[in-house]
Amino acid sequence: MHKLLGLPALAALATAMMGGCSPSGTTTTAATTAAATTPTPAPAPTPTPTPTPTPTPTSAVAQFTTLNLAAPDNYAAPTLPAYYDGTVTALDNSPATNAIADRIATLGRVLFYDRRLSVNDTIACASCHQQGAGFADRARFSTGFAGGQFTSAHSMRLGNVRYFAPGTMFWDRRATSVEAQASAPIQDSVEMGWTAAAGGIAALITKMNAIAYYPELFTFAFGNATITEDRIQRALAQFERAMISAASRFDTGFAAVFNAGAPNRGLNADFPNFTAQENRGKTLFLSNQGNCSACHVPPTFALAANSRSNGLDAGETRLFKSPSLKNLGLDGAFMHDGRFATIEQVVEFYNSGIQDGPALDNRLQQGGVPRRLNLSDADKAALAAFLRTLDDPSLSTDSRFSSPFR
């Protein structure tokens, strides 16, 4: 056989039959060869840990209030009836330096409802000016911060406060503007307690700087966190001026008959939504017989700028200011000292009780003496019924003017 194959072929055959040898003489197998050429697996990568997110600072405004600062409520541009035209806007007492802005009025809303603005965290502006009571107090006098003392005058309604053209505030008109009035109760010894002895407005501002949501809100409203009395006044005044009453039954009726070119702009026409008694009361209110509208001017029913004393007491020398008659029926006491408890008592006073004095308004006089209307019982009831049509459930329930606190 070796002669047939030759020596080299025989050697190759023998090697193949033995499984093969390495050049060094070491025997190898297919498995060994495979093991030698298989690469070592790379170690599994270590997972990268998910980074812990940096916590977003909690907004104190979001924590303590229901406000959405990304979409503040509309205070600056309310939708008003057509008869809130130039004849009404001419009476607006808003200064050019403090036109309503949504952000600033929003701050004013918080200030208005915040009990922390009193020395012992018990009284807010809203304690004496309650939304459900027409932003007045149904009690004759309001309770002060100490609990045992009471104000000396009845709380005034705030609806349509912007339409008393002179802008003076309080029953005796001692504050020159809504702004000046805004911080007076804060410093009152009975109401909120920040008297000079308690440190005054400076002490309040120190307190407010330590309340988490105020630096945030003042930055939102004014661009920086600085708190001043002027900014407090401006914010409260804007919130109060935004309280416009234009959705009473009177307003619904007037909208139905309004005609800018008609006599008295259509007010003399019967309102289709009124009863016969209410329309009779409206006639008495507008006509020379009652002459009420000469001082309480429709459609805002704010006081005429030239009004004087109403003859509540004989010999009166002070010039009183009345709030708008809107939401009169939600109030619980009437006149500066709250001496009357019902609208019927108020009507009877103007019918038969006006007293003489040097400050008495000439529209309440006849022949140099206090005027007597001599209304029948039916007419007095009609006048009271009309006055109740001025109640505005929209203003008394509007969430824009409710407490923002959680």
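Quick notes on the rules
Residues numbered from 1 in each chain as written. Predicted model: local features only at pLDDT ≥ 70, side-chain atom pairs only at ≥ 80, totals over all residues. Heavy atoms only, no water. Helix = DSSP H or I, 4+ residues; strand = E, 2+ residues; numbered from the N terminus. Buried < 20%, exposed > 50% of the residue type's maximum accessible area, 1.4 Å probe, protein only. Contact = heavy atoms within 4.5 Å. Expected span 1.5 Å × (residues − 1). Disulfide = S-S within 2.5 Å. Phe/Tyr/Trp six-rings, centres within 6.5 Å; stacked < 30°, edge-to-face > 60°. Lys NZ or Arg CZ within 6 Å of the ring centre and 35° of its normal.

Before going further, it helps to spend a moment on the overall build of the protein. Each helix and strand counted, the protein has 16 helices and four strands in total. Residues classed as buried in the protein amount to 47% of the 406 residues present. Taking all contacts inside the protein whose residues are at least 6 apart in sequence as the whole, residues at least 24 apart take part in 66%.

With respect to the secondary-structure elements, valine 110 resides in helix α6 (residues 102-113). A relative accessible area of 0% places valine 110 in the buried class. Discounting chain neighbours no more than four positions away, the residues touching valine 110 are Leu67, Tyr213, Tyr214, Leu217, Pro404 and Phe405.

A word on helix α15 (residues 377-388). Look at α15: 17 Å from first C-alpha to last across 12 residues, which is about the 16 Å you get at 1.5 Å a residue. Buried within α15 are the following residues: Asp379, Lys380, Ala382, Leu383, Ala384, Ala385, Phe386 and Leu387. Those residues of α15 hidden inside the fold are in contact with α12 (249-257), α13 (276-286) and α14 (343-352).

Right, let's get into the state of the cysteines. Under the counting rule described, the total for this entry stands at zero disulfides. Cysteine 128 forms no disulfide, and the closest cysteine sulfur to it belongs to cysteine 125, at a distance of 8.5 Å. Free of any disulfide, cysteine 295 has its nearest neighbouring cysteine sulfur in cysteine 292, separated by 8.9 Å. Since its relative accessible area comes to 12%, cysteine 295 is described here as buried.

Moving on, we get to the packing of aromatic side chains. The full count for this structure, using the stated rule, is 28 aromatic pairs. Members of the aromatic cluster, joined through ring pairs, are Tyr83, Tyr84, Tyr163, Phe250, Phe254, Phe258, Phe271, Phe274, Phe285, Phe301 and Phe386. Lying over the aromatic face of phenylalanine 170, arginine 174 brings its terminal NZ or CZ to 3.8 Å of the ring centre.

Counted at 1.5 Å a residue, the expected span for helix α11 (residues 229-241) with its 13 residues is 18 Å, and the 18 Å between its end C-alpha atoms agrees. On its buried face, α11 sits against α6, α7 (125-128), α8 (178-182), α9 (200-209) and α10 (213-222).

For the rest of this paragraph, the subject is unusual backbone geometry. Looking along the chain, the bond that leaves proline 298 and enters proline 299 is cis, with omega of 5 degrees. Backbone geometry places asparagine 160, a non-glycine residue, at a positive phi of 65 degrees. Residue placement: asparagine 160 occurs in the loop between α7 and α8. Given a relative accessible area of 2%, asparagine 160 falls into the buried group.

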